[in-house]
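The lines below spell out each chain.
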Amino acid sequence: MKSMLLRWLDSDVGHSFRTSPTAIVAAAIAAVCLFCAVFAPWVAPHNPFDLTTLELGNARLPPAWSEGGNPLFWLGTDDQGRDILSALMYGARISLAVGIASVLLSVFVGVALGLLAGFLGGWVDAVLMRMCDVMLSFPAILVALLIAGVGRALFPDAHESLAFGVLIISISLTGWVQYARTVRGSTLVERHKEYVQAARVTGVAPLRIMRKHVLPNVMGPVLVLATIQVATAIITEATLSFLGVGAPPTSPSLGTLIRVGNDYLFSGEWWITIFPGLMLVLIALSVNLLGDWLRDALNPRLR
């Protein structure tokens, strides 16, 4: 593991990372947020979703450094007496899980369809690209709202896992289009190169050519796009949760916390919505900056 890390640091991409202060800071922020989200049950000072530990007497307490604050709650509490700092860790856990899962699903579907469209061409390419055009004609948030709303209406008493599944599918339904178009364009270039023609002449099956030869050479733009789209997926999930059709109320994400705090924003309890909003901005900004760095690092013309 250590030798792999050293080899990566000595590579062109590793050198680009070591010489980019922006990428280092963004990676550090993203790593801290990811660590706190993954290990929330162990690093969070409280369990904000354990109803047996909540006391209404601790509701809407200001941050610890403000007048009337409690040192037990560094960032204050919300309307139910939940610790804001702990709620941020648990909320980020849900937001990151939904965002990453939706991007992975979008990558899988988009790359597969893009490979088929670019390699096979003909009517397959025409049909798949017209599907992409149709999907792009609808705003992504509108499609996500429709799918999430229909899913909640059809399964009002569904388990949380099913609710999260509907949420992930609703975000992925429009996300796959960009990957399909990107991979299709790269595949159109790759399929006419000598190594693909040689594989065809030797009798290699088309599916094996796509998987073994073409796919590794078109994944560079996909990795960059996926990194950037993680932030977009997280913001989309937060938007849906803010509108009340996202994460279940029993497992609120950052968007749900912002929606709850929005009711108290103008009554003086600013910390209930400001801190979740800042957490969302930090995650999205750090991921976007990492995506911008990765795009430049993988582009040989910018080296």
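Novice: Got a minute to help me understand the overall build of the protein in this structure?
Specialist: Each helix and strand in the protein was counted, giving twelve helices and zero strands. By the burial criterion, 43% of the 303 residues in the protein qualify as buried. Considering only contacts within the protein whose residues lie at least 6 apart along the sequence, 70% involve residues at least 24 apart. Within the structure as shown, the protein displays about 16000 Å² of accessible surface, and the carbon and sulfur contribution to it stands at 68%. Taking the average place of the 20 positive charges on the side chains of the protein and the average place of its 19 negative ones, the gap between the two points comes to 17 Å.

Novice: What's the story with the pattern of salt bridges in this structure? I'm lost.
Specialist: Once their charged atoms are close, side chains differing in charge can pair, the charge on each being opposite to the other. Applying the stated criterion across every chain, the model contains seven salt bridges. Across the pair Asp125 and Arg184 runs a salt bridge, and its minimum N-O distance is 2.8 Å. Within this pair, whereas Asp125 is found in helix H6 (residues 122-136), its partner Arg184 is found in helix H8 (residues 160-190), the two being separated by 59 residues in sequence. By relative accessible area, Asp125 is classed as buried at 11%. With a relative accessible area of 25%, Arg184 lands in the partly exposed category. Here the salt bridges share partners, and the residues they tie into one network are Arg130, Asp133 and Arg181.

Novice: How should I be thinking about the packing of aromatic side chains in this particular structure?
Specialist: Here the distance between the centres and the angle between the planes together describe a pair of aromatic rings. Taken as a whole and judged by the stated rule, the model has five aromatic pairs. Seen in terms of ring centroids, Trp270 and Trp271 are 5.8 Å apart; in terms of plane orientation they differ by 85 degrees. Their pairing is edge-to-face. Take Trp270: its relative accessible area is 35%, and that puts it in the partly exposed class. Trp271 gets classed as buried once you look at its relative accessible area, which sits at 6%. Ring-pair connections join several aromatic residues into one group, and the members of that group are Trp65, Trp270, Trp271 and Phe275.

Novice: Help me understand a nonpolar patch on the surface, please; the structure alone is not making it clear to me.
Specialist: A contiguous nonpolar patch, built from Leu34, Phe35, Val38, Phe39, Trp42 and Val43 and spanning about 590 Å² of accessible area, is present on the exposed surface. Within the residue set of the nonpolar patch, elements represented by two or more residues are helix H3 (21-38) and helix H4 (40-43). The biggest single contributor to the nonpolar patch is H3, with three residues. Mapping Phe35 onto the fold places it in helix H3. Under the relative-accessibility criterion, Phe35 is labelled partly exposed at 45%.

Novice: Please explain the side chain of Ser172 as it appears in this structure.
Specialist: Its location among the elements puts Ser172 in helix H8. Its relative accessible area of 4% is what places Ser172 among the buried residues. Excluding residues that lie within four positions of it along the chain, Ser172 makes contacts with Ser102, Leu105 and Ser106.

Novice: Help me understand the nonpolar core, please; the structure alone is not making it clear to me.
Specialist: Note that soluble globular proteins tend to have their nonpolar side chains buried in a common cluster. Ranked by internal contacts, the top residues of the largest apolar core, which has 58 residues, are Leu254 and Ile283. Per element, the largest residue contribution to this core is 15 residues, and it comes from helix H5 (residues 84-120). Excluding its chain neighbours within four sequence positions, the residues that come into contact with Ile283 are Cys33, Ala92, Leu96, Ile234 and Leu254.

Novice: Help me understand the state of the cysteines, please; the structure alone is not making it clear to me.
Specialist: As used in these notes, a disulfide is a covalent bond between sulfur atoms, one from each of two cysteines. Counted according to the given criterion, the structure contains zero disulfides. With no disulfide of its own, Cys33 lies 6.9 Å from the sulfur of Cys36, the closest cysteine sulfur. Given a relative accessible area of 7%, Cys33 falls into the buried group.

Novice: I would appreciate a short explanation of unusual backbone geometry in the present structure.
Specialist: Most of the time, phi is negative for any residue but glycine, and the peptide bond is trans. Phi is positive for Arg60, which is not a glycine, with a value near 55 degrees. With respect to the helices and strands, the residue Arg60 is situated in the loop between H4 and H5.

Novice: Help me out: how do you make sense of the packing of H3 against helix H12 (residues 271-297) in this one?
Specialist: Helix-helix packing is characterised by the crossing angle of the two axes and by the distance between the axes. At a closest axis distance of 8 Å, the pairing of H3 and H12 adopts a crossing angle of 135 degrees. The pairing of H3 with H12 is recorded here as oblique in orientation. Of the two elements, H3 crosses H12, and the hand of that crossing is left-handed. Within the contact between the two elements, H3 uses Thr22, Ala23, Ala26, Ala27, Ile29, Ala30 and Cys33 and H12 uses Met279, Leu282, Ile283, Ser286, Leu289, Leu290 and Trp293. Per-class residue counts for the contact of H3 with H12 are twelve nonpolar, two polar and no charged.

What counts and what doesn't
Starting from 1, residues in each chain are numbered consecutively following that chain's sequence as written. Whole-chain, interface and lining totals are the exception, using all residues; otherwise, since this is a predicted model, local features are given only for residues with pLDDT of at least 70 and side-chain atom pairs are given and counted only at 80 or more. Calculated side-chain values reflect all of the structure's heavy atoms, with hydrogen atoms and water omitted. To qualify as a helix, a DSSP run of H or I must reach at least 4 residues; to qualify as a strand, a run of E must reach at least 2; elements of each kind are numbered from the N terminus. Relative accessible area decides the class of each residue, using a 1.4 Å probe on protein chains only: under 20% of the type maximum gives buried, over 50% gives exposed, and in between gives partly exposed. Should any heavy atoms of two residues lie within 4.5 Å, those residues are counted as being in contact. The accessible surface values rely on the Shrake-Rupley method and a 1.4 Å probe; as for residues, cover is taken only from the protein chains in view. We score Asp and Glu as negative and Lys and Arg as positive, and we do not count His or the chain ends. Lysine's charge is taken at NZ, arginine's at CZ, aspartate's at CG and glutamate's at CD. Here, a salt bridge means any side-chain nitrogen of Lys or Arg that lies within 4 Å of a carboxyl oxygen of Asp or Glu. Stacked, tilted and edge-to-face pairs are distinguished by plane angle, under 30 degrees for stacked and over 60 for edge-to-face with tilted covering the rest, among Phe, Tyr and Trp rings (Trp via its six-membered ring) whose centres lie within 6.5 Å. A patch consists of residues whose relative accessible area exceeds 30% and which take part in no salt bridge; residues with like charges are grouped when within 9 Å of each other, and nonpolar side chains (Val, Leu, Ile, Met, Phe, Trp, Tyr) when within 5 Å. By nonpolar core we mean a set of buried residues, namely Ala, Val, Leu, Ile, Met, Phe, Trp, Tyr and Cys, connected to one another through side-chain atoms within 4.5 Å. Only a pair of cysteine sulfur atoms within 2.5 Å qualifies as a disulfide here. For helices, the axis comes from a line fit to the C-alpha atoms of the stretch in contact; other axes are also lines fit to C-alpha atoms, and the angle between any two N-to-C directions lies between 0 and 180 degrees. Note that the term roughly parallel is reserved for angles under 35 degrees, roughly antiparallel for angles over 145, roughly perpendicular for angles of 65 to 115, and oblique for everything else. Should the near helix be turned anticlockwise from the far one by less than a right angle, the crossing is left-handed, and should it be turned clockwise, the crossing is right-handed. Note that Gly is not counted as nonpolar here; it falls among the polar residues with everything else outside the nonpolar set of Ala, Val, Leu, Ile, Met, Phe, Trp, Tyr, Cys and Pro and the charged set of Asp, Glu, Lys and Arg.

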